[in-house]
Amino acid sequence: MTVPADSPLTEAAARSPGPAPGPAPGLLSTPPVGPIEIVPMRRRHLRSVIRIEVQSYPRPWSLGLYLSELALGGLRFYIVARRAGEVVGYGGVMYIGPDAHVTTLAAAPEFQRQGIGGRVLWHLARAAVAHGAENLTLEVRVSNGAAIELYRRFGFVPAGVRKNYYAEIKEDALVMWANDIGAPEYGERLDRLAAELDLIPGKAAPGAAGATTEAP
Ligand SMILES: CC(C)(COP(=O)(O)OP(=O)(O)OC[C@H]1O[C@@H](n2cnc3c(N)ncnc32)[C@H](O)[C@@H]1OP(=O)(O)O)[C@@H](O)C(=O)NCCC(=O)NCCS
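First, a word on what this report is: a plain description of the structure on this page. (Residues numbered from 1 in each chain as written. Predicted model: local features only at pLDDT ≥ 70, side-chain atom pairs only at ≥ 80, totals over all residues.)

Concerning the overall build of the protein
Quick note on the threshold: Numbering of helices and strands runs from the N terminus; a helix is a DSSP stretch of H or I covering at least four residues, while a strand is a stretch of E covering at least two. Partly exposed residues are those whose C-beta has more than 12 but fewer than 20 other C-beta atoms within 10 Å; with 20 or more the residue is buried, with 12 or fewer it is exposed, and the C-beta atoms are placed from the backbone. Contacts here follow a simple rule: the backbone-placed C-beta atoms of the two residues must lie within 7 Å.
On a plain count of helices and strands, the protein comes out with 5 helices and 7 strands. Helices and strands appear in the protein in the N-to-C order β-α-α-β-β-β-α-β-α-β-β-α. Burial analysis of the protein (216 residues in total) assigns 39% to the buried set. Nonlocal contacts in the protein, meaning residues at least 24 apart in sequence, comprise 66% of its contacts between residues at least 6 apart.

What to know about the nonpolar core
Cut-off, in case you're wondering: As used here, a nonpolar core is made of buried Ala, Val, Leu, Ile, Met, Phe, Trp, Tyr and Cys residues. They are joined through C-beta atoms within 7 Å.
In this structure, Tyr90, Val120, Leu124, Ala125, Ala128 and Leu136 are the most contacted members of the largest nonpolar core, which totals 52 residues. Counting residues per element, this core draws most heavily on helix 3 (residues 116–131), which supplies 9 residues. Filtering out sequence-adjacent residues up to four positions away, Leu124 remains in contact with Phe77, Gly91, Val93 and Val102.

Concerning the environment of Gln55
Here Gln55 lies in helix 1 (residues 46–56). The class of Gln55 is partly exposed, set by 14 C-beta atoms lying within 10 Å. Sequence separation between Gln55 and Ala107 is 52 residues; the distance between their C-alpha atoms is 9.8 Å.

Regarding the sheet that holds strand 7 (residues 171–178)
Our working rule: Each pair of strands is called paired provided DSSP finds at least two bridges between the two strands. Interaxial angle, 0 to 180 degrees, is taken between N-to-C directions of lines fitted to C-alpha atoms, where a helix line uses only the stretch in contact.
Pairing is mixed in the open sheet, where 7 strands are placed in the order 1-2-3-4-5-7-6. Of all the strands in the sheet, the pair left with one neighbour each is strand 1 (37–40) and strand 6 (157–166). Ignoring which end each strand starts from, the neighbouring axes of this sheet average 25° apart.

Observations regarding the pairing of strand 2 (residues 76–83)
For a regular strand, the rule is simple: side chains alternate between the two faces of the sheet. Among the 8 residues that make up strand 2, 6 are buried, leaving the element largely enclosed by the rest of the structure. In this structure, strand 1 lies alongside strand 2, joined through 4 bridges in antiparallel fashion. Considered in strand 2, the bridge of Pro40 is made with Ile79. Strand direction decides the pairing type here: strand 2 and strand 3 (residues 86–96), joined by 8 bridges, are antiparallel. When the bridges of strand 3 are listed, Arg76 appears paired with Met94. Once strand 2 ends, the chain turns through 2 residues before running back antiparallel as strand 3, passing Ala84 with a positive phi of about 50°.

Overview of unusual backbone geometry
In this model, Arg113 sits at a positive phi of 65°, which is unusual for a non-glycine residue. On the secondary structure map, Arg113 appears in the loop between strand 4 (99–107) and helix 3. What makes Arg113 partly exposed here is the crowd of 14 C-beta atoms within 10 Å. In this model, Asn164 sits at a positive phi of 55°, which is unusual for a non-glycine residue. Along the chain, Asn164 turns up in strand 6. Residue class for Asn164 comes out exposed when judged on the 12 C-beta atoms lying within 10 Å of it.

Written out as structure tokens, the structure reads:
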């Protein structure tokens, strides 16, 4: 993801997503995902977040980095997805000028392809619109087809390649942008996605549209 030089994320943002594991082919071992609630990320979630993090990224963010991110308050927006009280996904954005940068997004490997990443991204996008951001942006490993497909559905388009951005695995980053997210067209896209993801427009996570799903 794009990170300014003076950001505490400079080191962390150079990490790269690993392969996106999923259920073994041919096995129906993953139960239906069931009701998902989206709540603000809190310290108490971080043990579960880190567990998913280390499964999702070859250079996972540390607990300390997450704590420093959470301490940045209104400059950041981090949420977790919970199923039956268990953290099954998470994501976040940082606000820089008119842009909202997606800093992280993951679904637990055992719950992937069940709409969790999409739900989290939807709430991040809604939060960015509510914050007044004009654009969404991110960087993604060029071979991360799952994430790229998800981002395309949210209106992100490729805008360039950062060569060897993920130096430790010698891979380039695709820079993607969704522009003019405050325009009615983007709102309509989010409404369509909400229907596809079985979300109710307006029932955004705390900080996104004023609704709360959990006490702070
Ligand atoms: C990318 C990631 C967050 C997606 O989460 P997810 O919960 O599996 O995604 P969803 O079930 O919400 O998928 C929503 C849509 O995204 C696209 N998508 C997701 N996974 C996909 C895959 N493996 N192949 C193709 N499209 C995929 C599809 O359009 C999907 O809709 P559909 O299932 O109706 O076809 C997840 O794969 C992950 O955590 N990967 C590891 C970490 C990572 O790479 N994060 C991104 C860093 S930039």
